[in-house]
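Descriptive analysis of the structure
Here is how the chains run, residue by residue.
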Amino acid sequence: MSSTSGEVALLGPAQIRELANTLDLTPTKRRGQNFVIDPNTVRRIVRLANITDADQVLEVGPGLGSLTLGLLEQAASVTAIEIDQRLAEQLPRTVQMYAPGYTDRLTVIADDALQTGLPPKDLPPPTALVANLPYNVAVPVLLRVLTEVPSIQRGLVMVQKEVADRLVAGPGSRVYGVPSVKLAWFGHAKPVGNVPPGVFWPAPHVDSGLVEFVVSPASDDAQLRDAVFATVDAAFSQRRKTLRSALADWAGGKDQVDEICRRAGIDSAQRGEALTLSEFAALATARTEQGHL
């Protein structure tokens with residue numbers, strides 16, 4: 001059943017299954033496909049994302065359009081990037097059926113968010129990222145968007161609960177790691193709620209988490225960012241190892257690690273899990289000053 005002009009009808013379990021049957025679609029783990037079937041969850045996400053009619057929203061992995069419909073009702077526009085060609089082709093038809101007054105706000109890009117050009121050309125620069133990110137690529141997609149689309153000011157993503165915990169973890173936490181530090185580079189992130197498996201089809205075996213972030217980059221120096229990220233990758237490549245051991249290849253030897261740490265004012269006997277973003281930046285800067293490229 002379609003909505004009347006100017007109104008948005010959100011998708012429930014029956015509508016999701018009807019669309020899936022129409023497309024002869026079987027959700028795949030390979031693409032992390034778990035579709036939201038609960039309108040209240042969609043409303044909750046849109047509300048927490050604080051989307052207004054001034055926002056140009058970027059959505060990655062719209063799937064069958066559950067969240068897309070909710071976003072279209074609030075945003076100035078929604079650009080949806082969908083890797084599954086069938087879903088990408090269906091999405092405008094779904095919007096025409098359930099939100100006919102909002103079709104002109106939607107742009108669909110049938111491509112891989114990890115490969116397509118960002119930001120999308122010939123479109124208003126996105127101001128917010130709001131997405132139910134596919135579980136299997138959530139972190140690389142999030143970090144790529146924040147790296148490639150500097151117009152993004154804030155966002156809200158739904159990811160696997162374990163991933164959400166990692167994204168917002170601080171130094172010293174047992175789940176603090178590469179995603180935590182790299183997201184911190186781009187701004188401040190915090191958890192804003194959990195989502196149970198029952199709101200998805202098919203239902204995953206784990207809870208999901210909602211992560212809100214506000215973009216305020218540590219620096220707009222791309223070369224420094226890359227150097228810091230390389231330092232982070234090295235420090236966590238051998239988790240539970242001291243910096244002196246974990247950074248040996250990165251620095252060219254353990255003695256070089258000691259010297260870089262001395263310059264940065266950091267004890268090389270510490271582990272990466274204990275370091276703040278600013279301390280990783282100090283290490284990267286000290287390494288550069290020592291003559292490494």
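This text goes with the structure placed above it.
These numbers were taken from a predicted model, which means no experiment stands behind them.

**What about the overall build of the chain?**
- Helices and strands together make up the secondary structure of the chain, namely 12 helices and nine strands.
- In terms of C-alpha radius of gyration, the chain reaches 21 Å, essentially the compact-globule figure of 19 Å for 293 residues.
- Along the first, second and third principal axes, the C-alpha set of the chain runs to 70 × 40 × 30 Å.
- Buried residues in the chain amount to 51% of all 293 residues.
- In the chain, of all internal contacts separated by at least 6 residues, the share reaching a separation of at least 24 is 71%.
- Counting every atom, the chain has about 13,300 Å² of accessible surface; 48% of that belongs to carbon and sulfur.

**Things to note about the side chain of Ser268**
- By the secondary structure assignment, Ser268 is in the loop between helix H11 (254-264) and helix H12 (277-289).
- On the accessibility criterion, Ser268 (13% relative accessible area) is buried.
- Side chain to side chain, Ser268 and Asp258 meet in a polar contact 2.9 Å long.
- Sequence-distant contacts of Ser268, that is, excluding residues within four places in its chain, are made with Thr242, Leu243, Arg244, Val257, Asp258 and Cys261.

**Let's talk about the sheet that holds strand E5 (residues 128-132)**
- Taken together, the seven strands give an open sheet; going across it, the order is E4-E3-E2-E5-E6-E9-E7, and neighbouring strands pair in mixed fashion. A single partner strand is all that each edge strand has here, and the edge strands are strand E4 (106-110) and strand E7 (187-195). Averaged over all pairs of adjacent strands, the angle between their axes in this sheet comes to 20 degrees, without regard to strand direction.
- Two strands pair when backbone bridges link them, and E5 and strand E6 (residues 154-160) are joined in this way by five bridges, in the parallel orientation. Its bridge partner being in E6, Val130 is matched across the sheet by Leu156.
- The sheet contacts of helix H6 (residues 161-168) involve E6, E7 and strand E9 (208-215), and relative to E6 the element is tilted by about 135 degrees.

**A few points about the environment of His188**
- Examined against the element boundaries, His188 turns out to sit in strand E7.
- Look at His188 and you get exposed, because its relative accessible area is 53%.
- For the pair His188 and Ala203, spaced 15 residues apart in sequence, the C-alpha separation works out to 30 Å.
- When neighbours within four sequence positions are excluded, His188 is seen to be in contact with Glu212, Phe213 and Val214.

**Concerning the packing of aromatic side chains**
- One pass over the structure, following the stated rule, counts five aromatic pairs.
- Each ring, one from Phe186 and one from Phe229, has its centre 6.1 Å from the other, and the planes form 75 degrees; the classification is edge-to-face. Here Phe186 is found in helix H7 (residues 178-186), whereas its partner Phe229 is found in helix H8 (residues 222-235), with 43 residues between them in sequence.
- Judged by its relative accessible area of 5%, Phe186 is buried.
- Aromatic ring contacts, followed pair by pair, group Tyr176, Phe236 and Phe280 into a single cluster.

**With respect to helix H2 (residues 39-49)**
- Every buried residue belonging to H2 is among Pro39, Thr41, Val42, Ile45, Val46 and Ala49, and all of these are buried. Projected onto a plane normal to the axis of H2, the buried residues spread over an arc of 160 degrees and lie on a single side. Turned more than 90 degrees away from the buried face of H2, the exposed residues are Asn40 and Arg47.
- Residues of H2 that are buried in the fold lie against strand E1 (35-36), helix H3 (66-74), E5, E6, E7 and E9.
- Just downstream of H2 lies Asn50, where phi reads positive at about 55 degrees.

**Notes on the side chain of Lys182**
- By the secondary structure assignment, Lys182 is in helix H7.
- Taking the relative accessible area as the measure of exposure, Lys182 reaches 11% and is therefore buried.
- Setting aside residues up to four positions removed in sequence, Lys182 forms contacts with Leu143, Phe229 and Asp233.

**So, the environment of Pro92**
- In this structure, Pro92 sits in helix H4 (residues 85-98).
- Spatially, the C-alpha atoms of Pro92 and Val199 are 23 Å apart, while their sequence positions differ by 107 residues.
- Apart from residues lying up to four places away in sequence, Pro92 is in contact with Leu106 and Val108.

Cut-offs used in this document
- Residue numbering note: each chain is counted from 1, following its sequence as written.
- The model is predicted, so local features are restricted to residues of pLDDT at least 70 and side-chain atom pairs to those at 80 or more, both for listing and for counting; the totals for chains, interfaces and linings are taken over all residues.
- Side-chain numbers come from the whole structure's heavy atoms, not from hydrogens or water.
- The way it works is that DSSP assigns letters per residue, a run of H or I at least four long becomes a helix, a run of E at least two long becomes a strand, and they are numbered from the N terminus.
- Atoms considered for the radius of gyration are the C-alpha atoms alone. The globule rule reads 2.2 Å times the number of residues to the power 0.38.
- Burial classes follow relative accessibility: with a 1.4 Å probe on protein chains only, a residue under 20% of its type's maximum area counts as buried, one over 50% as exposed, and anything between as partly exposed.
- Residue contacts are counted whenever heavy atoms from the two residues lie within 4.5 Å of one another.
- Only the protein chains shown count as cover for residues, and all accessible areas are computed by the Shrake-Rupley method using a 1.4 Å probe.
- As used in this structure description, the phrase polar contact means that two N or O atoms lie within 3.5 Å; if the pair is within protein, one of them must be able to donate a hydrogen and the other to accept it, and residues adjacent in sequence are counted only when both atoms belong to side chains.
- The pairing criterion for strands is at least two bridges between them, as found by DSSP.
- The angle between two axes is taken between their N-to-C directions and runs from 0 to 180 degrees, where each axis is a line fitted to C-alpha atoms and a helix contributes only its stretch in contact.
- In this scheme Phe, Tyr and Trp rings, the latter by its six-membered ring, pair at centre separations within 6.5 Å, and the angle between planes marks the pair as stacked below 30 degrees, edge-to-face above 60, and tilted otherwise.
- Directions from the helix axis toward the C-beta atoms define the arc.

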